[in-house]
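Now for the letters of each chain:
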Amino acid sequence: MLRRQDVGHRVVVRRIVGVRNDRPLYTDALGELVEITETDLTIATSKGPLRVPLSEVHRAKRVPPTRRPNAADVIALELAANEAWPPPVQEQLGGWLLRAADGWTGRANSALPIGDPDRPLEAAIDAVERWYEARGAQPLINTPLPLAAPVGASLDTRGWTARPLVLVQTAPVRSILDATTTRARVELTRTPSDAWLAITAERKGSLPEAARHILTAVRQVRFAHMYGESGDLLAAGRGTITGDGHWLGLALVEVVPEARRGGLAQDVVGALARWAAETGASRAFLQVEERNAAAVALYAKLGFTTHHSYLTREAPKA
């Protein structure tokens, strides 16, 4: 049977789905184990998340990964993503990163446990808890999976909970360009307009000074604006170049409700990919919640596949 330390690994679950001629009927589900509780387990399958009551599980086991990136590749991409979303406060705990940004977004307000923290694991987690509590913040740790699976197992024993699974997806910039066409003009600027900020605030809440730092502190950054005939901003997005110029980071791609389902998000991504190609970047990445089926489907059409995933873990509230 699967255990908490199997979270983040590829698993196969054989479940009982009925009975025929007094014999049980089985079906198999293959995917990444997202969560396991006393009553259920959840798998991220190719068709979306699947929650299975433990009472229906006949057999379950971990299976070898397919084309799993090595630890060095995961660490390099996580560092490029950190460059693309820079918190105003960042310190090191050995190889781990401690990040704070006045609570704006989990990514910028969580520890990133990559590398060696220069102390035993339990002592490292204790240090993370003290660092955030000294700032009056709830301790959070982002656990890239399965790289940080041992960290996740320790957090389980401490009663830390998990936010929804996030997919870190990648694609060649060339594949994005091949999948997009220039149907409308997208304006790229080095700073966000007030309308751009308003769309982002609708999605992310108010924008403190820390948020503006995160958005603009990257040396190579572009803010995509697509306007309608009336002059209203219909779609927006943000692109960054990090990782020694190799990576285009896509974030905050948003279309106003009345303009959705018209391909505007694809136009925004295409414009940012063209800019990235001009700079010499060859790969793109983004982070999307696995449960956001519409966004995952859009990015799949543009050539994105999952490189790895992560869970943001939350310490128990005092």
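Above this note sits the structure.
Thresholds applied
- Residues numbered from 1 in each chain as written.
- Predicted model: local features only at pLDDT ≥ 70, side-chain atom pairs only at ≥ 80, totals over all residues.
- Heavy atoms only, no water.
- Helix = DSSP H or I, 4+ residues; strand = E, 2+ residues; numbered from the N terminus.
- Buried < 20%, exposed > 50% of the residue type's maximum accessible area, 1.4 Å probe, protein only.
- Contact = heavy atoms within 4.5 Å.
- Core = buried A, V, L, I, M, F, W, Y, C linked by side-chain atoms within 4.5 Å.
- Expected span 1.5 Å × (residues − 1).
- Axes fitted to C-alpha atoms, helices over the stretch in contact; angles between N-to-C directions.
- Parallel < 35°, antiparallel > 145°, perpendicular 65-115°, else oblique.
- Nonpolar A, V, L, I, M, F, W, Y, C, P; charged D, E, K, R; others polar.

1. Concerning the environment of Val11
Next, step 1: Mapped onto the elements, Val11 comes out in strand S1 (residues 10-20).
Next, step 2: Since its relative accessible area comes to 0%, Val11 is described here as buried.
Next, step 3: A C-alpha to C-alpha distance of 5.7 Å links Val11 and Gly31, two positions 20 residues apart in sequence.
Next, step 4: Those residues in contact with Val11 that lie beyond four places of it in its chain are Leu2, Ala29, Leu30, Gly31, Leu33, Ile43, Lys61, Arg62 and Val63.

2. With respect to the nonpolar core
Next, step 1: Ranked by internal contacts, the top residues of the largest apolar core, which has 70 residues, are Leu2, Val13, Leu41, Trp196, Leu248, Tyr299 and Phe304.
Next, step 2: Take this core: its biggest share by element is 9 residues, from helix H7 (residues 264-279).
Next, step 3: Once residues within four sequence positions are removed from consideration, Leu2 is found in contact with Val11, Val13, Leu33, Ile36, Leu41, Ala60, Lys61 and Arg62.
Next, step 4: Grouped together as the second largest cluster of nonpolar side chains are 17 residues, Leu98, Ala100, Val151 and Ala315 included.

3. Some remarks on H7
Next, step 1: Helix length check: H7, at 16 residues, gives a terminal C-alpha distance of 23 Å against a target of 22 Å (1.5 Å per residue), a fit within 8%.
Next, step 2: Here H7 has its buried residues at Leu264, Ala265, Asp267, Val268, Val269, Gly270, Ala271, Leu272, Ala273, Trp275 and Ala276.
Next, step 3: Contacts from the buried residues of H7 go to helix H4 (173-179), strand S11 (187-189), strand S12 (221-227), strand S13 (233-242), strand S14 (247-255) and helix H8 (293-301).

4. Structural notes on the packing of helix H2 (residues 121-134) against helix H3 (residues 149-157)
In a pair of packed helices, the angle between the axes and the distance between the axes together describe the arrangement.
Next, step 1: Relative to each other, H2 and H3 sit at 70 degrees, their axes nearing to 11 Å. Between H2 and H3, the interaxial angle falls into the category roughly perpendicular. Of the residues in H3, those in contact with Leu121, Glu122 and Ile125 of H2 are Pro150, Val151, Ser154 and Leu155.
Next, step 2: A breakdown of the residues in the contact of H2 with H3 according to their chemical character gives 5 nonpolar, 1 polar and 1 charged.

Read these as spatial facts, not as claims about activity.
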